[in-house]
Structure formats: C-alpha cells, structure tokens
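# Per-entry structural report
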Amino acid sequence: MTRLKSDDISSVASRITEYDAELQRKTGQSLSHIAARAAGQDAGQFDTKRFKVAVVPLSCGEGIIGGFSEAVAGIIAHLGVEVFVTATPDAAGLAEAVERGADIIFQADDFRFVAVNLRTGKTADNSVATGRGYVAALEAMCGGLEGKQVLLVGAGQVGRSAAMAMAARGAGLSVFDVKQNASYDLASDVYLRFGCRVTVETDLDAALYRHRIVFDASPAEGFLGIRHLTPEMRIAAPGIPLGIEPAAWAQAEVRTVHDPLQLGVATMLYEVGGSTGQGGG
Ligand code: 2YJ
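Definitions and cut-offs
- Residues numbered from 1 in each chain as written.
- Predicted model: local features only at pLDDT ≥ 70, side-chain atom pairs only at ≥ 80, totals over all residues.
- Heavy atoms only, no water.
- Core = buried A, V, L, I, M, F, W, Y, C linked by side-chain atoms within 4.5 Å.
- Buried < 20%, exposed > 50% of the residue type's maximum accessible area, 1.4 Å probe, protein only.
- Helix = DSSP H or I, 4+ residues; strand = E, 2+ residues; numbered from the N terminus.
- Domains from an automatic or database assignment.
- Contact = heavy atoms within 4.5 Å.
- Pairing = 2+ DSSP bridges.
- Axes fitted to C-alpha atoms, helices over the stretch in contact; angles between N-to-C directions.
- Buried area = accessible area lost by both parts, 1.4 Å probe.
- Salt bridge = Lys/Arg side-chain N within 4 Å of Asp/Glu carboxyl O.
- 1 Å grid on protein atoms, 1.4 Å probe; cavity = no way out; pocket = protein on both sides within 12 Å on 5 of 7 lines; lining within 4 Å.
- Points joined across faces, edges and corners; volume = space filled by probe spheres on them.

## Concerning the nonpolar core
Ranked by size, the top nonpolar core spans 75 residues in total, and within it Ile76, Phe106, Leu138, Met166, Phe215 and Leu261 carry the most contacts. Top element by residues in this core is helix α6 (residues 126-142). It accounts for eight residues. Inspection of this core shows a minimum of three residues originating in each of domain 1 (6-126 + 262-273) and domain 2 (128-259). In this structure, Met166 is in contact with Val135, Leu138, Leu145, Val150, Leu152, Ala171, Leu173 and Phe215, ignoring residues within four places of it in sequence. Among the nonpolar cores identified, the runner-up in size contains 17 residues, and Val153, Leu204, Val214 and Leu242 belong to it.

In structure tokens form, the structure reads like this:
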C-alpha cells in the first residue's frame, strides 16, 4: 500500500472545482454522481445537510502527512457537507470530534483509511471505496461495462474491490498480478460469487495490446506505454505511482481517470452517509 506524500495532495483542496470539471469532461458525470452510484446511492436523495464530518489526524507509525487531513476535508466540503479537521490528533482528536458534534469520522494510519458513521455504525474502507469509485467512473467513461472486457492490473485490495464491482456490472475480466497466486485467488473468488470466469494473464505486455479498457490498481510504475495506446482506450488508474509511462501521459490523459484521493474519499462519504446500499467495507 503506497503512502501518500504531501506533494501528491498539496493542491487537492484548492483545485477540487477544476478536478470535478475535468472529471465531468472525461466521464460526463460529476464527482458526487459517480461516488453516489459507486456506493449504491442516488445523488439526488443524499441529504448533505444531515451530518457533520470530522477528519482526525493520526500521528502513529510514520506520522501525520502534511496536508492529508485538509485534502480529505476539502473533498468533503466540495460535496456540500459540513466538515472540520480536529485541532488535536489521535485519541484527543476523536474526543474533540465527538464534543464538536461530528456524526462521521474520517481517519487514516499507515495501514487503513476508514470512515465511521457514529450514528448508524456504518463503516467504509478507502481501498474498497476506491475500487468501487473508479469502476463507476470507468463505467461512465465507457458508456457501460456490460459485456465489455476489462484488463485489471493488480489484485490487491483496490483491485479485488474493483473486480467485484465490475463483475456485478456484467464486465468480462482478465487479471494480471506479478504474484500469480493473487490473480488465481481473485479469479476463484469472482467465480464463486458471480459464476463468471476470469482470465488470468501471465504476460502483461501482450495483455495490454489485446485490451481497450484497463483498470490499473497496481503500485508498479510506467508499464503502459505509447505502444499500447489506441484512440478508444479507456483507463481507470487509482494506482500511485501511475502505471502509465510519462511519455504516454499527454496522449493518455484525456481518456484516463487518475487522482490521489478524490474518488475514494467521495465514495467513502456516500457509503457511510447513505441510508441504503453498500457500506461496512
Ligand atoms: O493522519 C495522517 O496525516 C496520517 N496518519 C495519514 C496516513 C495516510 N495513510 C496512508 O497513506 C496509508 N498508505 C494507508 C492508505 C490506505 C489507502 N487505501
């Protein structure tokens, strides 16, 4: 699991409006619509005024990442929800959040990034929500995923969540992971849950030439090059660092959804804040 750096997120809050406009250009849908859909909610029915969110910085492990909590709060504020970052971190911050009337807490350590709704007990996990959020974005970008073949690169937590969401939408799946066992485990879990067969790819380069829709949930850098790009290729890339090589980015950008936090955080909010649908990680 990649640890975010201050540089990755320093402009998230200040550029969230531009981010949303760009997302709409690429997918035809806003951040709130995509996140609501990913969480099984109806954006129109989601009452953003119903709750207050607190983001609590955590100093354990590798410590507080400068700007992390503010970036998370910036995304939540953009979605129209009242939010604050606690002045104190850790246990004191949790108490502060409750004392100031928070209904929902967001907090991340080195291993997990979670949201908890204190009123309903619903929880959301960032890796799971990120997988779902990017699938909803990819679906919008491709005009639906049903019957389409997607190459999933990376069978970690985000990739697993994405695979389940894509199988649920009727997509055909091929999966590549450097750990072949992880691919086979995922293929078997998708088969048990949805009854559909997942192709395990062993040659990533060859697989990239054969697929027009790619979900990059891998921490590997620069495996997708100009040679793989076609005008119709669509890419969902939550992975940090980016799997697209720098030389290909200028061409790939218009057909790629990629961000460090926005889709994952927005989906977490809709998962824990919604009255129906998914949640509980
Ligand atoms: O509160 C803070 O500033 C820090 N404790 C934030 C730590 C953020 N954690 C990470 O970046 C980890 N790699 C976990 C992220 C999980 C994403 N699925």
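## Re the sheet that holds strand β2 (residues 82-85)
Taken in spatial order, the five strands line up as β2-β1-β3-β4-β5 in an open sheet, and their pairing is mixed. Strand pairing shows two members of the sheet lacking a second neighbour, β2 and β5 (123-125), which therefore form its edges. For this sheet the average axis-to-axis angle between neighbouring strands, irrespective of direction, equals 15°. Strand direction decides the pairing type here: strand β1 (residues 52-55) and strand β3 (residues 104-108), joined by three bridges, are parallel.

## Considering the domain arrangement of the protein
Domain assignment breaks the protein into domain 1 (6-126 + 262-273) and domain 2 (128-259). With 18 residues of domain 1 at the contact, the number on the domain 2 side is 18 residues. Of the roughly 1,500 Å² buried where domain 1 meets domain 2, counting both sides, 53% is carbon and sulfur surface. Across the contact surface, domain 1 and domain 2 share two salt bridges. Two residues, Arg37 and Glu139, come together in a salt bridge whose shortest N-O distance is 2.9 Å.

## Describing the layout of surface pockets
Estimates place the volume of the second largest pocket at around 470 Å³. Taken together, 20 residues make up the lining of the second largest pocket; nearest its centre are Tyr19, His258, Asp259, Pro260 and Gln262. Only α1 (6-9), α2 (16-27) and β11 (256-257) provide two or more residues apiece to the lining of the second largest pocket. Here the lining of the second largest pocket takes five residues from α2, the largest share from any one element. Here the lining of the second largest pocket gathers at least three residues from each of two domains, domain 1 (6-126 + 262-273) and domain 2 (128-259).

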